[in-house]
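Residue-level structural notes
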Amino acid sequence: MNSAPPRAKALFARVAWRNLWRRRLRTWMSACGIGFAIFLVTVGMSWQAGTYDAWIDSATGLMSGHAQVQHPAYFDNPEVRHNLAEGSDLTNRLAGVPGVVAVAPRAEAFALVSAEERSFGAMVIGVDPVRDAALSDLSSHLAAGEYLPRLDSAFVGTALATNLGIELGDEIVVLGAAAEGGVGALVSRVDGLFETGQPEVDRSVLQVGLAAMQAGFELGDAVHRVVIKTRDARGVTGMRATLEAAMPAGGRLLDWNELLPELEQAIQIDRATAAMTYWLLLIVVAMSVVNAFIMTVFERTREFGMLLAIGMRPNSIIAMLTIEALCVWAMGTAIGIALCLAVVMPLSSVGFDISGIEGMDAMVGQLMMPERLYPALNVEVLVESPGWMLLGTLLAALIPAFRVRRMPVVEALREEE
Amino acid sequence: MVVECRNVSRTYDDDTVPVHALQGVDFQLGAGEWVSLAGPSGSGKSTLLHVIGGLDQPTDGSVVVDGVEVTTLTAAELSDLRLNKIGFVFQAYNLIPVLSALENVEFILQLQGVDRAERRSRSQQALQSMGIADLENRRPGEMSGGQQQRVAIARAIVTEPVLLLADEPSANLDTSTTRELLEVLQSLNRERGVTILTATHDPMVMGYTTRQVNLRDGSVV
């Protein structure tokens, strides 16, 4: 007492495929419904993926990079003494890790910055200008002067410069706690001003040369962060093991998710909000497929009764209906993916100008978003909605199909077609 | 005996009053017989046919087909019994509309797992024996009622069943087509020894059968 023999399955597929064309309009309506839903969801997801890439690039590009190596206590307690010795060696080792595009060491201290009679607290960051410019956009936000042209140069935020009442060429004095517990101090000349559009950065950050910072704050070769830029921000998690192998024992590797938790949170919230819309859309389409299959089962009740009467098992009939559902899904998926590719592929290379859109111009300025967004196609985008739609279609087909299991053969044979 | 029914009853529990479709029916069908179950509408002839064919279960009694007690079989076992031992011909032809005549006949052999070459050969022979070999590529919608019923008979006999059940096979056919159909069934019965049980109230059908069993109000009279 076996179920349908293997040879019969090819027959079921043939019968199922032909059955679809008994109601051409209904089949096309169902396939187009699935296709349209997949198109909307994949385009939406590729737009989101492109937006997230832009968010990540702009957020990590200013200061944080894709990952950082720090002293284990520095992230929670950023004191000058929590530093990594032999910063040069560490920088060189990390620069040699495959997939790493740029590496920049930084020494930092929260210090009092004074110019003539005014003083303000600020984050003083010692950087290697060449290495830092390779992974940070800060130098490109130059508002006046030059980006750290000399060893004793300072690159100051415009708001901080205004607060201090300084201009290009003026001298500033930086005072803070040194690594060994004494007073750290350095004198720099303001050679450049930057304006990022982010008030917090513009009024509380200044950069100086790394060597001057290390000398002034008794750091020797020590640094507080080694900032890393990789080929792909999203690929950092996969590189964790190789990066950690290049780190000193006791060092701590933080990726951008940990460095900028608010960014990851914003992405998750946006993703969840969009997912609700996608789910609603997919459910509505699945309901229409349920309706189509209920109609199918009711219309073909006598035919199913005949198939049961001549010895076909209910499961074989359900298998046939499932194949019909799979065919409709495959047609819908082909339509949806083709439309998605037709729309997204050109946009992913030329981008979409968002600066002219009302409300987006402010976002472009304040969040340093690029003026053009590039929708991103990836496996997740192309697989997720067809995958959920497949599940929905199968469930939609199986719900009415299981009516066949309870179908009394004699009554089914009496049904009018 | 191909069929042996003992004290078979079938009661439908309707919402209002129970309907006794069969009441204590005793019936036997020997190998090579062609028996017609006759009687007016509601007499129980179709119900008895369905019970013998394993399409419906009796409320009481015993039904043995080719030595197998049908009433104790599971749903899956009943499917296999119908597939391998019983051929059905229905009043409304009941062919698969998306398959050609040949494919309709092949379908049942494919359910049995018969290989392609044998399936094709047996199906063509079955259609030939029905005199419709030239229609093998036509779908049911492209054939007359009589032609469709011949395809249905070809499908029913291609598995070489021990029993052919025909429920009002002439109901939708005109007189000349009915006669042609009955001659086909007669030749199957006489020349190939196919055992046939027909439910009918058509006197022309009864005239062709070797024996007639009359039913009235669910009982053999």
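1. Quick look at the pairing of strand β3 (residues 118-127) of chain A
Looking down a regular strand, the side chains alternate between one sheet face and the other. Residues and elements named next belong to chain A. Both strand β2 (residues 100-115) and β3 contribute to a ladder of ten bridges, which runs antiparallel. The residue of β3 that forms the bridge with Leu112 is Gly121. The antiparallel pairing of β2 with β3 creates a hairpin that spans two residues between the two strands, and Glu116 there sits at a positive phi of about 50°.

2. Describing the sheet that holds strand β1 (residues 3-12) of chain B
Residue and element names in this part refer to chain B. Spatial strand order, β2-β1-β4-β5: four strands in an open sheet with antiparallel pairing. Only two strands of the sheet have a single partner each, and these edge strands are β2 (19-29) and β5 (68-69). Pairing of strand β4 (residues 60-65) with β5 involves two bridges; the strand directions are antiparallel. Counterpart to Val64 in the pairing with β5 is Glu69.

3. Comments concerning the interface of chain B and chain A
The interface of chain B with chain A comprises 31 residues on the first partner and 26 residues on the second. Between chain B and chain A, the buried area comes to about 2600 Å², and carbon and sulfur atoms account for 64% of it. The interface formed by chain B and chain A includes three salt bridges. The salt bridge partner of Arg313(A) is Asp80(B), with a shortest N-O separation of 3.1 Å. If you look at where chain B meets chain A, you find six residue pairs in polar contact (both at pLDDT 80 or more).

4. Some remarks on helix α1 (residues 45-52) of chain B
Residue and element names in this part refer to chain B. With eight of eight residues buried, α1 lies mostly within the body of the structure. Residues Lys45, Ser46, Thr47, Leu48, Leu49, His50, Val51 and Ile52 constitute the buried set of α1. Just past α1, the residue Gly54 takes up positive phi, approximately 75°.

5. What to know about a nonpolar patch on the surface
All names here are of chain A. A cluster of nonpolar side chains, contributed by Trp279, Ile283, Met287, Trp388, Leu391, Leu395 and Ile399, occupies part of the molecular surface with about 740 Å² of accessible area. Elements with a minimum of two residues in the nonpolar patch: α10 (261-299) and α14 (379-401). With four residues, α14 is the single largest residue contributor to the nonpolar patch. Mapped onto the fold, Ile399 is located in helix α14. Taking relative accessible area as the criterion, Ile399 reaches 57% and is therefore assigned exposed.

6. Observations concerning the nonpolar core
The nonpolar side chains of a soluble globular protein tend to be buried, and buried together. In this structure, Leu307(A), Met389(A), Phe27(B), Ile52(B), Phe107(B), Leu163(B) and Leu197(B) are the most contacted members of the largest nonpolar core, which totals 121 residues. For Leu163(B), the contacting residues outside a window of four places in its chain are Val2(B), Val3(B), Leu29(B), Ile52(B), Val65(B), Lys85(B), Ile86(B), Gly87(B), Thr195(B) and Leu197(B). In this structure, Ala154(A), Leu210(A), Phe217(A) and Met247(A) belong to the second largest nonpolar core, which totals 44 residues.

7. Comments concerning the environment of Met389(A)
Along the polypeptide, Met389(A) turns up in helix α14. Remark: the alpha-carbon pair of Met389(A) and Asp137(A), spanning 252 residues in sequence, is separated by 42 Å.

8. Focus on the packing of aromatic side chains
All names here are of chain A. In this structure the tally under the stated criterion is nine aromatic pairs over all chains. One aromatic cluster is present, formed by Trp17, Trp21 and Trp28 through successive ring pairs. One Lys or Arg, Arg403, reaches over the ring of Phe298 and ends 4.1 Å from the middle of that ring.

Reading the values: the criteria
- Residues numbered from 1 in each chain as written.
- Chains lettered and ligands numbered in written order.
- Predicted model: local features only at pLDDT ≥ 70, side-chain atom pairs only at ≥ 80, totals over all residues.
- Heavy atoms only, no water.
- Pairing = 2+ DSSP bridges.
- Helix = DSSP H or I, 4+ residues; strand = E, 2+ residues; numbered from the N terminus.
- Contact = heavy atoms within 4.5 Å.
- Buried area = accessible area lost by both parts, 1.4 Å probe.
- Salt bridge = Lys/Arg side-chain N within 4 Å of Asp/Glu carboxyl O.
- Polar contact = N/O pair within 3.5 Å; in protein donor to acceptor, adjacent residues only side chain to side chain.
- Buried < 20%, exposed > 50% of the residue type's maximum accessible area, 1.4 Å probe, protein only.
- Patch = residues over 30% accessible without salt bridge, like charges linked within 9 Å, V, L, I, M, F, W, Y side chains within 5 Å.
- Areas by Shrake-Rupley, 256 points an atom, 1.4 Å probe, with all protein chains shown as cover.
- Core = buried A, V, L, I, M, F, W, Y, C linked by side-chain atoms within 4.5 Å.
- Phe/Tyr/Trp six-rings, centres within 6.5 Å; stacked < 30°, edge-to-face > 60°.
- Lys NZ or Arg CZ within 6 Å of the ring centre and 35° of its normal.

Honestly, it's all geometry; don't read function into it.
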